[in-house]
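Examining the three-dimensional arrangement
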Amino acid sequence: MIPRQFVVVYINGSRREISGRKTLDTLLSYLRYEERLTGTKLGCGEGGCGACTILYSYYDHHEKRIYHRAVNACLMPVAACDGAAITTIEAVGNIRDGLAPVQEALANTHGSQCGFCTPGIVMSMFALLREHGTRTDPLTPLDVEKNFDGNLCRCTGYRPILDAYKGLIAAEDATCSAQCPMGEQCCKINRSRLGKQEIVLSQKEDKKISTVLDRAYIFPPELIEYRPAELNLADGKWLRPVTLEQLMRSKTEHPEARLIVGNTEVGVEVKFKNLKVPVWISTTDVPELQRITEDDVGVKIGASVTWTHLNNYISNALKRTKLDGNPKLYQLSSLQAIQSQLELFAGKQIRNVGTIAGNIVTASPISDVNPLLVAACASFTLLNCKTGEKRNVSARDFFVSYRKVDLKANEILFQVVLPWNESQFDFTHPFKVSRRREDDIAIVSAGIRLKLSPNQEPTSSEKPGFIIEAAHVGLGGIAPRTVSMNDVERVLTGKLFNETSLKEGMRVMARSALLPKNVPGGMPEYRQSLAVGFLFKAFVATAHAIYERFHEHDSLLDSLGFDNVQDVPGISICERSVSRGVQIFSDCEPLAKDDITGRPVPHLSAALQVSGEAKYLDDIPRFDGELQAALVLSSEPHARIVAIDYSDAEKIPGVYEIIDVKNVKGSNLIGPIFHDEYCFADKEVTTSGQVIAVVTAETTEQAKEAARSVRVTYDPLPAVVTIEDAIESASYAELVPSRFIQKGDAPGIFEKEGTGAKIVKGRVRIGGQEHWYLEPNGTIAVPDENGEMLILASTQSPGKTQAIVSRVLGQRAHKIVCKVKRLGGGFGGKETRSCFLSAAIAVAAQATSRPVRLVLDRDVDMMITGTRHAFLAEYEAAYEATGRITALRMEIYLNMGNTVDLSAAVLDRALYHAVNCYDIPNVDIIGKACYTNTTSSTAFRGFGGPQGMMICENVIEHVAWDLRLPPEKVRDINMFGRHGNASITPYGMNVSSDCLQKCWEGALGDSSFSQRRREVDSFNSKHSYRKRGLSVIPTMFGISFSFSPLNQAGALVHIYQEDGSVLITHGGVEMGQGLHTKICQIAASELQIPLEKVFVSETATDKIPNASPTAASASSDLYGMAVLRACRTLKQRLEPFKSGLELSWEETVDKAWANRVSLFATGFYKTPGIDDVNLAVPGARGRPFSYFTNGSAVSEVEIDVLTGEMKVIRTDIVMDIGRPLNPAIDIGQVEGAFVQGLGWCTMEEFVRGSKNEHVWLKEGKVFTAGPGTYKLPAFGDVPRDFRVRVLDGRSEADTICSSKAIGEPPLFLAASVFFATRDAISYSRRQHNLHDWFALDSPASVERIRLRCIDDVVSSVLPNTGSVNPSLSL
Ligand SMILES: Cc1cc2nc3c(=O)[nH]c(=O)nc-3n(C[C@H](O)[C@H](O)[C@H](O)COP(=O)(O)OP(=O)(O)OC[C@H]3O[C@@H](n4cnc5c(N)ncnc54)[C@H](O)[C@@H]3O)c2cc1C
Ligand code: FES
Ligand code: FES
């Protein structure tokens, strides 16, 4: 039969036959660009964020049932969808026909902020519900908690999403039940404290009743009858055999072909490594490769079995064996180990399609499963497709070298043979440590199988015990391939299972796992220590397992010789559990009749976001004649450009024109404050990732291919990469003079003899942070007549974009309009670092006279758009015996990168906050901006404030350590308001410390801090390998742009005569923070009309000119006031037509119109009472901030001493936000900022090569360019118990409705986790009599925690642990 040449697929209930090249596209690209189903989003393109999640349903002819799976559309080829029904967010529910419960639940509980992740999250939940179907066993909160390991959200902090879906599956509220951690304060019991319940109830108004769209829910009957047929797609580029014979024939005819199954490995290589494959052969429908069978030897797993299938098989096998009371349950130990490892393997979407063969043949040195297969003594059956012969190769021999396996040209992997474990004393243990527990590749993974047998003939000196009959140790992450640790195995085999053997095994392991300093991937000491720790854990786990199985041999644990071994954590201390969240706020008093401010109104775009209807930049349909752009970027950190050769690129079909500096008609020098940045590199590059040219082409793929083909010849110049390099070579920014904060006489204290002051000195190092907004940067430039140009951009600064584009084009600003509908997150990353992209694309549009679009791939975005500034500080503090700090001297350096951007202002804010909320009488701080050959660092939520406070809190900890006082005592004694005198910052601003202290005392009280401290002491005295830590951290964050001209705002309010509806335009950008929602609340309250009457459509520079960037937490304050003033003007104009009459709003408006009254008005606001303080002048004084937002947080953590893993057990936050404009949105900001801060100071490590740090990378090269390498907190990382309370109050300043700004201030509270971790580490060190101060760089990653901890076990063979300082990119 001739193979079929098209794919049959149902998309949202409609049948499609797809043929030709389109079948090779990803499903995501097909859905978005062919079907115009833009609800499914592109966040990363590599399976790491879940924004592209869709439901993939298929009929299993063997089992005669339909399966529903959540799948990443960005990695799924269209060709792989034959016979499948695809459901996208559009078919789940929509605003017109009604939202589905799975959407409504999320919208109702504020589970969507910017909304870019939201369709993917809805689809993951939808898939869970569809897969669960009508099963009688109910879904549990734990099922929900585990369901989202393939999804990321950067805004919400996850709690509201989990609450929404736990609520959906439970008749009773899952988190607010009788076990509510708030006890008597539970919002259900104590109605005066309206918490979460109130938020939910408040949104039911005016919502359509949920409906189910049957069309999409019915599996197409045609597909049940549908038999997979052989396919030949895209002229023989994609073959899909459906029998083994066909597969063998295809592979023989095309020896060059690449097999493909889940495409989760190959898809990433095609996209990011530009892999070219002549022919694909899909094995998904070959029955022999799909089967799992059992025989006497063990289990035979077909090569194309997915991880989900294997996991289900193992669950069933375990259930079956347990139910049968089968004494051979022990046989399943290796299978159980694989199942445990799968808990930590990728995300659900990847496990649903990724296969065992795909993992094995890829032969990644950090595979999770291959080391286990080695340890389990698995073998692989290889089939020669030409001869039909099969041969078996053991797993330990299969992995030959880096990504090379023992597979010959005609061979394929046919099946995996996993032998049964052989006795009651035969155990296989899995281990894996990664930067993040969920969805992360391993740093080191291992499988360790210990087969013991009772020691039948103990000698007179031996106790009866066990002999290690065989030891099998497979390791990943310590060599270029998966390895078996032969020396370790040898030294253990035949030995007694006791302390001597363990110590000898660890000693040999330490030697075998020794890695050179420049080992690819870095972390040599850490990886070595993990390997040793895993062996120890395997011994302990074996002793435990024997005890559990027989309830005897408890002396086995003792025989291992180390203290407290019973508490050694197993595979992870971070096992999945059900998290809980509580939010407490009071019902705000209405300010006037019909006041809707202070109410927890849901985000006004929530319904659009949960239904995928909210439009982001790349959802805008293509313009007529639109070209697609790709950037030619510098690969050198610092070099002269010798030549650029475009000839190869120009030959690529579809390429239209290549644009560079020659096309710039205006000025090539741009920048948000100083014009020190080149739009296009000209003769020299000063950082890797600098824009050299823009390729325009008909399609994005053509543009990218052409950009890769441009050849640039460089003459390298010396590069300065880190802060330390810059200090060494005195490389400071010429445009940013040093900054100073001075008060009192600090030099007098430090330098005059005889003051008797005690002094500590130290150094703090803080790494950068990538913004990781879910929506990557993008821009569209649309040229119009006579030089006019429309810029549609994902930017927080339409005003700056307009200004920079006008400059680079040489056009007057009035001809350039920049518009923004909404952003899928910004966090500062789109404040200025979006502008240079718009400038380059505008030049391309001007040169080609055609619309040009650029949407950055995630890796490019991460490489070129900059991060939060890395900081280094040297400090000296003098203090008294009480803990009172009398003087503080600091030198603070930031890594500015290759342009000034916003670094001067960031440095200012770091200095302002470098005493946090402490009243220190003598202060002398100097700040310097280091010029380096790295991508310009930029704004990030907190804008230098968190770094300044982090430095300060390190000083506090150091003083406390020196005095042996609890850090909270030193914090308390130094806090503003504790000293009777007026509280004044070192730069001369008065502080009202009431709220600060209420938050501080509130957090201590809510968390029962003193009692918990005793509990932590007690826990740590009983545990050696897990330690807990506790910390309380206050924050005091100044509100206002520190450059006073930016503190102005404009608004334009229209009232339409037709129906009295109100359209507002203001200068702020909606990026998930709920700004437009708050603005509508303010306007509706002021005009006393229903909220539905008010609307904000977009931000546009032709409506509101000169708007400041949406940043500094100040937008609600600024635009709220501007809108209020415009509404007041309109109200006054309407008043005469209303007074004395009972007219409705609509009638009043109509009457005013009939009387020719203007129904639009502007409002303008400038923050009063602030001034510019020029910190370049030593001793400068002033009031840079309008007021402070205060808060405090207590966090408790637990660490695994042997691996450095950390979990947050509980966090209590108390926040002062005045009278909140919208408490639900504000609490969302608190939780979201906290979790973002948690990432900053615990796991988000930006890695770049330099002379002294990360020497395994080329100098200046960014390693962390995607979700695979850079880890932001996932669902499982949030505090297991997360409580947020908002003080009842009012702003001390004259702010809009007496509210306070909230976007940035809570971020720093996550430092409570950092310092609780430090606390936990110090317990471990004290236990081993190490009492010296130790520095802990931020982030406190697994590596840093482990290498600062001390333990008997690893230290016995690696005495250096505890003193190694891991690399940090500064
Ligand atoms: C976001 C993400 C997270 C991940 N997390 C993890 C993780 O935590 N741990 C981990 O170990 N891995 C992880 N991976 C790696 C990978 O996805 C998995 O290893 C997966 O099992 C690969 O299977 P696949 O079917 O998708 O492979 P494919 O991409 O389809 O194929 C991979 C390779 O295997 C070859 N191949 C497939 N079948 C055969 C066969 N029968 N005979 C010969 N060659 C064959 C293909 O030709 C190809 O070279 C992750 C990947 C992604 C994208
Ligand atoms: S876009 Fe597919 S997982 Fe990120
Ligand atoms: S709401 Fe999840 S990323 Fe913005």
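Each chain has its residues counted from 1, running along the sequence as written. Think of it this way: whatever chain is written first is A, whatever ligand is written first is 1, and the rest follow in order. Per-residue local features are limited, in this predicted model, to residues with pLDDT of at least 70; the limit for side-chain atom pairs, both in listing and counting, is 80 or more; totals at the level of whole chains, interfaces and linings are taken over all residues. The side-chain quantities take in all heavy atoms of the structure and omit both hydrogens and water.

**What about the overall build of the chain?**
Keep this limit in mind: Note on conventions: DSSP H or I runs of at least 4 residues are helices, E runs of at least 2 residues are strands, and numbering of each starts at the N terminus. For this measure, only C-alpha atoms enter the radius of gyration; the expected value for a globule follows 2.2 Å times N^0.38, where N is the number of residues. For the exposure calls, accessible area comes from a 1.4 Å probe over protein chains only, and a residue counts as buried if that area is under 20% of its type's maximum, exposed if over 50%, partly exposed in between. In short, Shrake-Rupley with a 1.4 Å probe defines the accessible areas, and a residue's cover is counted only from the protein chains shown. For the charge count, each Lys or Arg is scored as positive and each Asp or Glu as negative, with His and the chain ends excluded. Working definition for charges: the position is that of NZ of Lys, CZ of Arg, CG of Asp or CD of Glu.
The helix and strand inventory of the chain stands at 41 helices and 47 strands. Since a compact globule built from 1370 residues should have a radius of gyration of about 34 Å, the 31 Å found for the chain is in line with a globular shape. Judged by the C-alpha coordinates and their principal axes, the chain covers about 100 × 85 × 70 Å. Put simply, the chain has 1370 residues, and 66% of those count as buried. By element, 51% of the accessible surface of the chain is carried by carbon and sulfur atoms, the whole surface being about 47,000 Å². Where the 150 positive side-chain charges of the chain centre and where its 161 negative ones centre are 0 Å apart.

**Brief notes about the UniProt feature "binding site: [2Fe-2S] cluster 2" (unreviewed entry) in the chain**
Where we set the bar: UniProt positions are given in the numbering used here, feature names are shortened, and annotations may be inferred rather than shown by experiment. Residue contacts are counted whenever heavy atoms from the two residues lie within 4.5 Å of one another.
With numbering matched to this structure, UniProt assigns "binding site: [2Fe-2S] cluster 2" (unreviewed entry) to Cys114, Cys117, Cys153 and Cys155. Separation in sequence by 42 residues is not matched in space for these annotated residues, since their most distant C-alpha atoms are only 9.4 Å apart. Of the residues examined, Cys114 reaches a relative accessible area of 4% and is grouped as buried. The contact partners of Cys114, leaving out residues within four places of it in the chain, are Cys155, Gln609, Tyr616, Leu823, Gly824, Gly825, Met1071 and Gly1072. The residue Cys117 is located in the loop between α3 (101–108) and α4 (118–132) in this model. A residue is classified by how much of its surface remains accessible, and Cys117, at 5% relative accessible area, is buried.

**Some words on the packing of helix α35 (residues 1075–1087) against helix α36 (residues 1115–1138)**
How we decide: All axes are obtained by fitting lines to C-alpha atoms, using only the stretch in contact for helices, and the reported angles, taken between N-to-C directions, cover 0 to 180 degrees. Note on terminology: angles under 35 degrees are roughly parallel, angles over 145 are roughly antiparallel, angles of 65 to 115 are roughly perpendicular, and the others are oblique. By convention the crossing between two helices is left-handed if the near helix lies anticlockwise of the far one by an angle smaller than a right angle, and right-handed if it lies clockwise. Polarity classes work like this: nonpolar for Ala, Val, Leu, Ile, Met, Phe, Trp, Tyr, Cys and Pro, charged for Asp, Glu, Lys and Arg, and polar for all others, with Gly in that last group.
Their axes nearest at 9 Å, the elements α35 and α36 cross at an angle of 30 degrees. With respect to their mutual orientation, α35 and α36 come out roughly parallel. The handedness of the crossing between α35 and α36 comes out as right-handed. Residues Leu1075, Lys1078, Ile1079, Ile1082, Ala1083, Glu1086 and Leu1087 of α35 form the contact with α36, whose participating residues are Ser1115, Ser1116, Tyr1119, Gly1120, Val1123, Leu1124, Cys1127, Arg1128 and Lys1131. For the contact of α35 with α36, the residue count by class is 9 nonpolar, 3 polar and 4 charged.

**Thoughts on the site of ligand 1**
Rules: A molecule or strand has a residue near it when one of that residue's heavy atoms lies within 4 Å. Nitrogen and oxygen atoms within 3.5 Å of one another constitute a polar contact, given that in protein one can donate a hydrogen and the other can accept it, and given that sequence-neighbouring residues count only through two side-chain atoms.
With respect to spatial proximity, 32 residues lie near ligand 1, and among them Leu259, Thr264, Trp307, Thr355 and Asn359 are the closest. One nitrogen or oxygen atom from the side chain of Arg258 is found 2.9 Å from an oxygen atom belonging to ligand 1. Interatomic distance of 2.8 Å between a backbone N/O atom of Gly262 and an oxygen atom of ligand 1. Of all the elements, helix α15 (residues 356–362) adds the most residues to the shell around ligand 1, at 5 residues. Partitioned by chemical class, the residues of the shell around ligand 1 number 15 nonpolar, 10 polar and 7 charged.

**Comments concerning the packing of helix α12 (residues 307–323) against helix α13 (residues 333–343)**
One can describe the packing of α12 onto α13 by two numbers: an axis separation of 10 Å at closest approach and a directional angle of 130 degrees. Comparing their axes, α13 and α12 come out oblique. Seen from above, α12 lies across α13 with left-handed handedness. Here Trp307, Leu310, Asn311, Tyr313, Ile314, Ser315 and Leu318 of α12 come into contact with α13, specifically with Leu335, Gln336, Ile338, Gln339 and Leu342. Within the contact of α12 with α13, the residues separate by chemical class into 8 nonpolar, 4 polar and no charged.

**Quick look at helix α6 (residues 159–169)**
Extensive coverage of α6 is indicated by the burial of 8 of its 11 residues. All of the buried residues in α6 are Arg159, Pro160, Ile161, Leu162, Asp163, Ala164, Tyr165 and Lys166.

**Re the sheet that holds strand β29 (residues 711–716)**
The condition is simple: When DSSP locates at least two bridges between a pair of strands, those strands are taken to pair.
One open sheet accounts for 3 strands, arranged β27-β23-β29; its pairing is antiparallel. Edge positions in the sheet fall to β27 (684–685) and β29, since each of these pairs with one other strand and no more.

**Section: the UniProt feature "active site" (unreviewed entry) in the chain**
Per the UniProt record, the feature "active site" (unreviewed entry) sits at Glu1304. Counting through the fold element by element, Glu1304 comes out in the loop between β47 (1281–1286) and α39 (1311–1327). Leave out the neighbours within four places in its chain, and Glu1304 touches Arg941, Gly942, Phe943, Phe1037, Ala1112 and Ser1113. Separated by 2.8 Å, the side chain of Glu1304 and the backbone nitrogen of Gly942 make a polar contact.

**What to know about the sheet that holds β47**
With respect to topology, 5 strands assemble into an open sheet ordered β21-β47-β46-β45-β39, the strand pairing being mixed. With partners counted over all chains shown, the strands left at the sheet margins are β21 (580–584) and β39 (1026–1039), one partner each. Averaged over all adjacent pairs, the angle separating strand axes in this sheet is 10 degrees, with direction ignored. Pairing analysis gives 10 bridges linking strand β45 (residues 1187–1200) to strand β46 (residues 1206–1216), with the strands arranged antiparallel. Counterpart to Ser1195 in the pairing with β46 is Thr1211.

**Digging into the pattern of salt bridges**
Test applied: Just to be clear on terms, a salt bridge is a Lys or Arg side-chain nitrogen sitting within 4 Å of an Asp or Glu carboxyl oxygen.
Applying the stated rule across the entire model yields 93 salt bridges. Asp1337 is the partner of Arg765 in a salt bridge, and the nearest nitrogen-oxygen pair spans 3.0 Å. Placement of Arg765 in strand β31 (residues 758–766) and of Asp1337 in the loop between α39 and α40 (1342–1348) is noted, with a sequence separation of 572 residues between them. By relative accessible area, Arg765 is classed as buried at 7%. Across the salt bridge formed by Glu1146 and Lys1093, the nearest N and O atoms sit 2.6 Å from each other. Here Glu1146 is found in helix α37 (residues 1145–1154), whereas its partner Lys1093 is found in the loop between α35 and β42 (1094–1096), with 53 residues between them in sequence.

**A short note on the packing of aromatic side chains**
To keep it simple, the criterion reads: Aromatic pairing here means that ring centres of Phe, Tyr or Trp (its six-membered ring) are within 6.5 Å. Orientation follows from the plane angle: under 30 degrees is stacked, over 60 is edge-to-face, and everything else is tilted. Criterion for a charge above a ring: Arg CZ or Lys NZ at most 6 Å from the ring centre, at most 35 degrees from the ring normal.
Counting across every chain of the model gives 26 aromatic pairs. For the ring pair Trp961 and Phe1334, a centre distance of 5.8 Å and an interplane angle of 85 degrees mean the geometry is edge-to-face. You can see Trp961 sitting in helix α31 (residues 945–963) and its partner Phe1334 sitting in the loop between α39 and α40, a full 373 residues away along the chain. Side by side, Trp961 and Phe1334 carry an identical accessibility label, which is buried. A network of ring pairs unites the aromatic residues Phe148, Tyr158, Tyr165 and Phe1275 as a single cluster. In this arrangement the basic side chain of Arg1028 is found over the ring face of Phe1019, its NZ or CZ atom lying 3.9 Å from the centre. Directly above the ring of Tyr1323 sits Arg1326, whose terminal nitrogen or CZ lies 4.8 Å from the centroid.

**Some remarks on unusual backbone geometry**
Geometrically, the link from Ser1338 to Pro1339 is a cis peptide bond, its omega value of 10 degrees lying close to zero. Unlike most non-glycine residues, Asn263 shows phi in positive territory, near 65 degrees. For Asn263, the location among the structural elements is in the loop between β8 (258–260) and α11 (266–272). What makes Asn263 buried here is its relative accessible area of 11%. In this structure, Ala346 is a non-glycine residue whose phi angle is positive, near 50 degrees. As for its placement among the helices and strands, Ala346 is situated in the loop between α13 and α14 (348–353). Exposure remark for Ala346: the relative accessible area of 15% places this residue in the buried category.

**Structural notes on the nonpolar core**
Just so we agree on the cut-off: Residues enter a nonpolar core if they are buried and are Ala, Val, Leu, Ile, Met, Phe, Trp, Tyr or Cys, with the set joined through side-chain atoms within 4.5 Å.
Counting residues in hydrophobic clusters, the biggest one holds 168 residues, and the most contacted among them are Ile121, Tyr165, Ile892, Ile925, Met950, Val959 and Ile1213. With 10 residues, the top contributor of residues to this core is α31. Leaving out residues up to four positions away in the same chain, Val959 has contacts with Val760, Ala877, Tyr879, Gly883, Ile885 and Val970. Formed by 83 residues, the second largest nonpolar core is a distinct cluster that contains Ile11, Leu27, Ile54 and Met248.

**Remarks on the side chain of Arg1348**
Assignment of secondary structure puts Arg1348 in helix α40. Despite its burial, Arg1348 pairs with no opposite charge; the closest candidate is Asp1337, at 6.2 Å N-O. At 2.7 Å, the side chain of Arg1348 and the backbone oxygen of Ala1335 are in polar contact. Ignoring sequence-local partners within four residues, the contact set of Arg1348 consists of Ile1321, Arg1325, Phe1334, Ala1335, Leu1336, Gly1362, Ser1363, Val1364 and Asn1365.

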